[in-house]
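Coordinates in review
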Amino acid sequence: MTFPQFAFKNVLRNKRTYAAYFLSSAFSVMIFFVYALFIFHPGIKKGITQSLAIQLMITAEFVMYFFAFFFVLYSVSTFLKTRKREFGILMMHGMTKTQLNTMVFLENMIIGSGAILIGIGAGILTAKLFFMIAAHLLDIHSLPFYMSWKAIALTVAAFLGLFLVISIFTAFLVRTNSLLSLFQSGQKPKKEPKVSVLLSLLSAVLLLASYYLAGTATLNSLLIRMLPVIAMTIVGTYFFFSQLSVFIMRALQKNRFLFWKKTNIITISSLAYRLKDNARMFFMVCIVSTVAFCAVGSLSSMKILSKQFNEDYAAEISYIARDQQPLHHDNLNEIKDELKKKQLKYSTYRTTLKILDVKTSNDRFSPKTMPVMSFSAYRTIIQKAGGKITEQPLTGIQVLKMKTSSTETFSPHMYMFKQGKLSVNADVSTEHVAMPRELIDSEGIVVSDELFKNIRPASTLEFTGFFTSPMEATNGMLDELAKDGIVRYYEKTPYMMAVSGTLADQMMKLYSALLFVALLIGAVFFVAAGSFLYFRLYADLDYDTRLYLTIKKVGLTDKELSRIVTRQLALLFFVPIAVAFVHSAFAFSALQSFFTLSIAGQVSIVLAGFLVAQVLYFLFIRQRYLRNLRKSLI
């Protein structure tokens with residue numbers, strides 16, 4: 001038998017332990033390869049949304065590769081720690097340190113090469129399915145099957161390099177101490193887990209504080225609080241698994257009524273050691289799962305924006321003329337002709353916006369100029385859009401701050417204008433959006449009809465709104481007048497314009513592309529989290545066998561064994577996921593500040609889907625683990 005054959009036999013003998021690591025690596029390779037196929041596919045290189053989708057997938061490639069590196073490194077280093085007894089036997093039979101390093105290097109490269117081949121093969125088999133899904137999400141007519149040798153070369157080179165670097169690195173991490181210590185590595189009695197009351201308290205304080213800050217976040221405070229909350233959550237989570245969870249187990253051990261009841265003495269005692277030994281693994285599973293939940297949940301909740309979009313664009317087509325050029329008459333006629341061709345019933349409304357120069361304001365972000373609208377014009381626009389006006393008509397110098405986005409937060413401000421030395425206090429904002437943010441200089445005010453008539457402006461804008469239904473019917477219209485559905489205020493063109501159907505369609509395509517990318521990355525993260533649990537569990541199988549074999553001699557029944565193992569596995573599987581669920585729930589609570597409508601339904605569906613997947617995975621692993629454990633106890 002040659003040395004490479006010996007290394008190959010070693011991999012086959014340890015296939016049970018390496019299974020999850022191998023499949024997770026192959027799955028990562030497959031998703032990386034699928035992304036590469038999209039990047040090099042000629043069918044999605046046209047259009048803004050498609051080009052952005054390619055950029056997203058390139059970013060996802062880097063994220064995947066970065067994660068895969070640390071996943072493989074952690075996995076390999078964990079496996080090496082469980083094979084010390086095997087290394088001791090080999091060295092006792094004459095294997096040198098160099099030969100041992102070579103063997104570890106060859107084993108890693110065999111597993112890595114196999115994962116690359118299986119991953120690319122699975123990617124080729126499933127590529128057409130992914131192309132169909134992406135074509136639907138990106139609204140591309142069709143994406144034919146396309147095999148790119150560049151994608152294959154990129155995937156092979158990237159992961160071959162990854163496995164090569166890690167194999168070289170880990171080969172020199174193999175510690176060959178005395179043979180006696182190698183042989184006793186799996187039989188040494190575990191020390192009683194120590195716990196710090198101070199660090200346990202710190203964990204609880206950090207997590208509760210981060211939950212409070214996330215739960216009370218507003219649109220204005222969210223960006224300020226985001227980084228501190230993330231840092232506090234990460235540190236608090238680490239100490240939760242390494243200190244607080246063990247502290248809780250120690251407290252349960254002191255409860256004689258609970259601890260001495262039936263088989264609880266074995267379950268609780270064993271969990272105290274497992275939680276301490278696997279604290280880093282639980283921490284990684286929790287954080288990786290939280291990232292997966294938040295990525296998929298956040299983007300799936302974005303679909304609620306299609307409903308919220310109607311609130312931000314009152315008119316299906318908005319046109320604002322800066323001056324009195326004949327061009328505007330031709331453009332408005334073109335809009336009417338296009339609506340007639342589409343056989344859409346519509347109504348129009350035209351009004352003047354007066355522009356005032358801001359002299360002073362207590363708003364540090366105040367623009368230099370501000371549009372002013374009469375209350376009657378505001379009311380008519382909202383009523384034509386199908387909204388209900390509850391605000392009472394303004395009188396005298398009463399003013400409303402013009403809301404330009406449904407997610408906008410209001411702060412009262414005072415403005416003094418150069419024209420007529422007019423000074424107003426905007427203490428309340430409008431309930432509805434009459435003018436979208438892109439068509440005016442971000443801010444404006446609504447005044448009483450009486451005050452509006454007396455204002456002498458620096459300049460004027462002429463707004464014309466076209467109201468029709470449904471909004472989606474205007475998708476793709478008037479592309480020559482408004483490329484991609486929008487001509488913004490700052491573009492300094494003779495007019496500003498918005499076609500809400502086109503804008504809504506582009507927004508949903510963008511979020512669909514983001515969701516597609518996030519789903520694949522989230523799946524990789526979730527599979528990796530399950531793999532951490534799997535190979536950590538099987539790494540402890542020999543120790544568990546000796547433990548239960550000893551207990552079985554004093555009368556442990558098969559039913560009791562099944563109950564103990566099920567409880568332990570359930571806690572090991574679901575405690576990190578439960579903590580990740582709590583983290584995600586507060587993250588989504590903070591995200592809710594971006595929306596006027598509830599995202600609870602979409603988020604609940606995502607979390608329920610992940611929970612079902614975890615339950616199925618737990619039942620599968622439990623059945624296999626109990627079967628292997630019973631075989632070892634015979």
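The structure this text deals with has already been given above.
Note that the structure is predicted; figures quoted are calculated from it, not measured.

**Points about the overall build of the protein**
Within the protein one finds 20 helices and 11 strands. Counting every position in the protein, which comprises 634 residues, the buried fraction comes to 50%. In the protein, of all internal contacts separated by at least 6 residues, the share reaching a separation of at least 24 is 83%. Total accessible area on the protein is roughly 30700 Å²; 63% of this is exposed by carbon and sulfur atoms.

**With respect to the packing of aromatic side chains**
Considering all chains together, one arrives at 13 aromatic pairs under this definition. A centroid spacing of 5.1 Å and a plane angle of 15° characterise the contact between tyrosine 319 and tyrosine 495, whose relative ring orientation is stacked. Taken together, the positions of tyrosine 319 in strand 1 (residues 317–321) and tyrosine 495 in strand 11 (residues 495–499) put the pair 176 residues apart, joining distant regions of the chain. A single burial state applies to tyrosine 319 and to tyrosine 495, both of which are buried.

**Notes on the pattern of salt bridges**
As enumerated under the stated definition, the model contains one salt bridge in all. Glutamate 462 is the salt-bridge partner of arginine 350, the closest N and O atoms lying 3.7 Å from each other. Pair noted here: arginine 350 is in strand 2 (residues 346–361) and glutamate 462 is in strand 9 (residues 459–468), with a separation of 112 residues, a long-range link. Under the relative-accessibility criterion, arginine 350 is labelled exposed at 53%. Taking the relative accessible area as the measure of exposure, glutamate 462 reaches 15% and is therefore buried.

**Some remarks on unusual backbone geometry**
Here the residue pair serine 469 and proline 470 is connected by a cis peptide bond, since its omega of 0° sits within 30 degrees of zero. You can see proline 470 is positioned in the loop between strand 9 and strand 10 (486–487). Not every positive phi belongs to a glycine, and glutamine 343 is a case in point at roughly 60°. Looking at where glutamine 343 falls in the secondary structure, it is placed in the loop between helix 14 (327–341) and strand 2. The phi dihedral of leucine 478 is positive, around 55°, even though this residue is not glycine. Along the chain, leucine 478 falls in the loop between strand 9 and strand 10. For leucine 478, a relative accessible area of 6% puts it in the buried group.

**A word on the environment of alanine 158**
Within the secondary structure layout, alanine 158 lies in helix 6 (residues 149–171). On a C-alpha basis, the gap between alanine 158 and isoleucine 116 in space is 9.9 Å, while along the polypeptide they are 42 residues apart. Those residues in contact with alanine 158 that lie beyond four places of it in its chain are Phe32 and Tyr65.

**Overview of the side chain of histidine 328**
Structurally, histidine 328 is set in helix 14. A distance of 2.7 Å separates polar atoms of two side chains, one belonging to histidine 328 and the other to aspartate 323. Not counting residues within four places of it along the chain, the set of residues in contact with histidine 328 comprises Tyr319, Ala321, Arg322, Asp323, Pro494 and Tyr495.

**Some details on the packing of helix 8 (residues 197–215) against helix 19 (residues 558–591)**
At their nearest, the axes of helix 8 and helix 19 sit 7 Å apart, and the two run at 30° to each other. Of the possible angle classes, the one that applies to helix 8 and helix 19 is roughly parallel. From helix 8, Leu207, Tyr211, Ala214 and Gly215 reach across to helix 19, where they touch Val582, His583, Phe586, Ser589 and Ala590. For the contact of helix 8 with helix 19, the class distribution of residues is six nonpolar, three polar and no charged.

**Considering helix 19**
Relative to the 50 Å expected for 34 residues at 1.5 Å per residue, helix 19 spans 48 Å between its end C-alpha atoms, a close match to the ideal helical length. Of all the bends in helix 19, the largest measures some 30° and sits at phenylalanine 574, one to four residues before the proline proline 576.

**Observations concerning the environment of alanine 570**
Note that alanine 570 resides in helix 19. With relative accessibility at 24%, the residue alanine 570 sits in the partly exposed group. Distance from alanine 570 to arginine 622, taken between C-alpha atoms, is 8.8 Å for residues 52 residues apart in sequence. Residues within four places of alanine 570 in sequence aside, it is in contact with Val575 and Phe618.

Definitions and cut-offs
Each chain has its residues counted from 1, following the order in which its sequence is written. Owing to the predicted nature of the model, reporting of local features is limited to residues with pLDDT of at least 70; listing and counting of side-chain atom pairs is limited to 80 or more, with chain, interface and lining totals taken over all residues. Each side-chain value is derived from all of the structure's non-hydrogen atoms; neither hydrogens nor water enter the calculation. In DSSP terms, a helix is any run of H or I states spanning at least four residues, a strand is any run of E spanning at least two, and both are numbered starting from the N terminus. Exposed residues in this analysis have more than 50% of their type's maximum accessible area, buried residues have under 20%, and partly exposed residues fall in between, with area computed by a 1.4 Å probe over protein chains only. A contact between two residues is defined here by any heavy atoms of the two lying within 4.5 Å. Here the open area of atoms and residues is found with the Shrake-Rupley method and a 1.4 Å probe, where only the protein chains shown may cover a residue. When the centres of two rings from Phe, Tyr and Trp lie within 6.5 Å, Trp using its six-membered ring, the rings pair. Their planes under 30 degrees apart give stacked, over 60 give edge-to-face, and anything left gives tilted. For this document, the term salt bridge refers to a Lys or Arg side-chain nitrogen within 4 Å of an Asp or Glu carboxyl oxygen. As used in this structure description, the phrase polar contact means that two N or O atoms lie within 3.5 Å; if the pair is within protein, one of them must be able to donate a hydrogen and the other to accept it, and residues adjacent in sequence are counted only when both atoms belong to side chains. Helix axes are fitted only over the stretch in contact, all axes being lines through C-alpha atoms; the angle between N-to-C directions runs from 0 to 180 degrees. For classification, angles of less than 35 degrees are called roughly parallel, those exceeding 145 degrees roughly antiparallel, those between 65 and 115 degrees roughly perpendicular, and all remaining angles oblique. Residues are grouped as follows: Ala, Val, Leu, Ile, Met, Phe, Trp, Tyr, Cys and Pro are nonpolar; Asp, Glu, Lys and Arg are charged; all remaining types, including Gly, are polar. The length a helix should cover is 1.5 Å for every residue beyond the first. Bend, in this description, refers to the angle at a residue between axes fitted to the seven residues ending there and the seven starting there.

Shape descriptors only; they carry no functional weight alone.
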